[in-house]
Amino acid sequence: MVSYALGLDYGSDSVRALLVNTATGEEVASSVVNYPRWSQGLYCESAADQFRQHPLDYLESLEQAVAQLWRQAPEGAAEAVVGLSFDTTGSTPVAVDAQGVALALRPEFADNPNAMFVLWKDHTAVKEAAEFTAAAARSEPNYLKYEGGIYSSEWYWSKALHVMRKDSAVRDAVYMWVEHCDWMSAVLTGTTHPSEFRMGRCAAGHKVMWHESWGGYPPNDFFVSVDPMLDGLASRLPTDTFTSDQAVGGLTQEWASKLGLPVGTPVGFSAFDCHMGAVAANVQPGVLTKVMGTSTCDITIAGYEALSETCVRGICGQVDGSVIPGMVGLEAGQSAFGDLYAWFKNLINGPAKSIIAASTALNEAGRAALLQELEDKTLVELSRAASALAPGQSGVTALDWVNGRRTPDADQTVAGAIAGLKMGSGAPEVFRALVEATAFGARAIIERFRAEGVAVDSVVAIGGISKKSDFVMQTCADVWNCPIDVLDSEQSCALGAAIFAAVVGGAHADVASAQRAMGSKVCKTYEPNTKAARVYDQLYTRYQSLGEFVDGGQS
Ligand SMILES: Nc1ncnc2c1ncn2[C@@H]1O[C@H](COP(=O)(O)OP(=O)(O)O)[C@@H](O)[C@H]1O
Ligand SMILES: O=C(CO)[C@@H](O)[C@@H](O)COP(=O)(O)O
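This section reports on the structure supplied with the text. For every chain, the first residue of the written sequence is number 1, and numbering continues from 1 along that sequence. Each chain takes a letter, starting from A, and each ligand takes a number, starting from 1, following the order in which they are written. Local features in this predicted model are restricted to residues whose pLDDT is 70 or higher, and side-chain atom pairs enter the listing and the counts only when it is 80 or higher, whereas totals over whole chains, interfaces and linings include all residues. Side-chain numbers here rest on the full set of heavy atoms in the structure, without hydrogens or water.

### Remarks on the overall build of the chain
Convention followed: In this description a helix means any DSSP run of H or I spanning at least four residues, a strand means any run of E spanning at least two, and both kinds are numbered starting from the N terminus. Atoms counted for the radius of gyration: C-alpha only. Globule rule: 2.2 Å times residue count to the power 0.38. Between buried and exposed lies partly exposed: a residue is buried under 20% and exposed over 50% of the maximum accessible area for its type, with that area taken using a 1.4 Å probe on protein chains only. Contacts between residues were defined by any pair of non-hydrogen atoms, one from each residue, lying within 4.5 Å. Here the accessible surface of atoms and residues is derived via Shrake-Rupley with a 1.4 Å probe, and residues count as covered only by protein chains that are part of the display. His is not counted, nor are the chain ends; Lys and Arg add positive charge and Asp and Glu add negative charge. Charge placement uses NZ in Lys and CZ in Arg. For Asp and Glu, CG and CD serve respectively.
Looking only at helices and strands, the chain features 19 helices and 22 strands. Relative to the compact-globule value of 24 Å for 555 residues, the chain shows a C-alpha radius of gyration of 23 Å, a close match. Buried residues in the chain amount to 59% of all 555 residues. Within the chain, residue pairs in contact and separated by at least 24 positions form 73% of the contacts whose partners lie at least 6 positions apart. Summed over its atoms, the accessible surface of the chain is roughly 20,600 Å², and 51% of this surface lies on carbon and sulfur atoms. Seen as two clouds, the 40 positive and the 63 negative side-chain charges of the chain have centres 6 Å apart.

As structure tokens, this is what we get:
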């Protein structure tokens, strides 16, 4: 009898639902719903790097996405769903009260951004991150040794402390902080109460300083040494964590009826998007899986023996079972990838958009159509023009750190830069330099892995940009001097979640057999151009020099 697995992927802007045949991997139905409050820009202040998401955005859009799914799915599909699993962005934590209720769901906190999820790209906690890094460097063991040695403002404890320092009402009401991925599984299984709440391995290990060797989280003294405000918080978190091939529990009556699924449908432990995406991409030792979109998230895995005692410096951590149970998952990434292109698009279009919006040369429909064309076609046109230039022709060099640097060596205080501008440097020349900068930033990650003894022999790309831009992908192949396979699935992270859901629901005995049946195939390969690769070896040293100039030699 046919059975299905449901993968639910929470991205930065929207939730995607994907229904997958557990035997064939066929993606039988999918839907995407944007978060309503987030799309209106509510609760965010981009100039202050503040990005918050309301829990209702997640819950309402989930109901809508699953309802849309059933409109496309074969008759009776809902009854044939064996399990469901989530992946989400991260670190995206929220404050919950002693009853396990996310604070923004309480009327008195309903409009308070500090009571909402602090999205991964919120960089308000730079100061707090530095305090955790300093405290870990003073401790024995260094509690960041499995998280690259540097704590990031994108991560759980920095965000928790920052919000608690800023907002006494949240500080007084918070009982513990919960990652978005863990919250989703808990809500659907009715286990949000702290006495029942359980956490997945992925978020805990990569962002919350969990490690088996120190029995869970660092001791209370460690946190109190950073700020007495943290007293007792870590000890409220459950000590054990669980890999995503295990079930948190079954769907509650309430959520079964909201989602149109049978009560008790198994719900898996959740993980971050890129980790589940890597599973859909059949990640293996020596293969780096890159989710290339607004940002990048880079994942590989290694066996315990191959990694041995190595603690890879400056990455987002190495965690036993964060990707595949029984292997160590390693994560790195760039805080801005496509976002750098979006920044440039907005920069060059800004004045034209204001003029068009106020122009009387067109009627309202004409103005709207032209504005939409600018939005849709600018990057395509820039790519066309930039691809006609030869590597190194323009003399322009750029850095990709407009949103800080995630890895190697997290530092959200560093900034982007463009050097070598001349009167002849037009938009295509600058755009090409920006695309090269994102490829160079990615190369720095690959080189760090290799320098630390983690093999990167080939790259598999997933995410929007891997499908949207031949120009970006070819530039990356040339800069990295290695082939890049692009995965067929349009929804790789959701597919990864569905693979775990199939295991949790018993359709497959383990992740490896689910991957064999359901994993996505390669649809395209970009081969490096050796001549361009030689030029890029030289240009990469210019990128490194500019980086040293900007961040004082730390890169
Ligand atoms: N033609 C294009 N060339 C290069 N980048 C593009 C193009 N079109 C869109 N992008 C970039 O793709 C990014 C969105 O990627 P996507 O994977 O769809 O989203 P997300 O990362 O939110 O999942 C944006 O940052 C945007 O700048
Ligand atoms: O940072 C992580 C995981 O650690 C991701 O969740 C984050 O990059 C998500 O970004 P996207 O919206 O997929 O570009």
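### Some thoughts on the site of ligand 2
Spelled out, the test is: Whether a residue is near a molecule or strand is decided by its heavy atoms; if any one of them lies within 4 Å of it, the residue is near. Polar contacts, as counted here, are pairs of nitrogen or oxygen atoms within 3.5 Å of one another; within protein the pair requires one atom able to donate a hydrogen and one able to accept it, and residues that are adjacent in sequence qualify only if both atoms are side-chain atoms. Residues are sorted three ways: Asp, Glu, Lys and Arg are charged, Ala, Val, Leu, Ile, Met, Phe, Trp, Tyr, Cys and Pro are nonpolar, and all the rest, Gly among them, are polar.
In the vicinity of ligand 2, 13 residues are found, and the nearest of them are Ser12, Gly90, Asp273, Ser295 and Glu331. At 2.9 Å from an oxygen atom of ligand 2 is found a side-chain nitrogen or oxygen belonging to aspartate 273. In this structure, arginine 406 approaches ligand 2 through a side-chain N or O atom, which is 3.1 Å from an oxygen atom. The protein chains hide 91% of the 380 Å² of surface that ligand 2 would expose on its own. Residue composition of the shell around ligand 2, by class: four nonpolar, five polar and four charged.

### A few points about the packing of helix 14 (residues 427–451) against helix 16 (residues 470–480)
What counts here: Axis definition: a line fitted to C-alpha atoms, over the contacting stretch in the case of helices. Angles run 0 to 180 degrees between N-to-C directions. In these notes the angle categories are as follows: under 35 degrees is roughly parallel, over 145 is roughly antiparallel, 65 to 115 is roughly perpendicular, and the rest is oblique. Should the near helix be turned anticlockwise from the far one by less than a right angle, the crossing is termed left-handed; should it be turned clockwise, right-handed.
Across the interface, helix 14 lies against helix 16 with an axial gap of 9 Å and an inter-helix angle of 45°. By the angle between their axes, helix 14 is oblique relative to helix 16. Our pair here, helix 14 against helix 16, has a crossing hand that is right-handed. Contacts between helix 14 and helix 16 involve Phe431, Arg432, Val435, Glu436, Ala439, Phe440, Ala442, Arg443 and Ile446 from the first element and Phe471, Val472, Thr475, Cys476, Val479 and Trp480 from the second. Classifying every residue of the contact of helix 14 with helix 16 gives 11 nonpolar, one polar and three charged.

### Looking at unusual backbone geometry
Here the residue pair glutamate 140 and proline 141 is connected by a cis peptide bond, since its omega of 0° sits within 30 degrees of zero. Secondary-structure assignment places proline 141 in the loop between helix 3 (126–138) and helix 4 (156–166). In the segment running from threonine 407 into proline 408, the intervening peptide bond is cis, with an omega of -10°. You can see proline 408 is positioned in the loop between strand 18 (397–399) and strand 19 (417–419). The backbone of asparagine 282 shows a phi angle near 55°, a positive value even though the residue is not glycine. Along the polypeptide, asparagine 282 turns up in the loop between helix 10 (273–280) and strand 14 (286–292).

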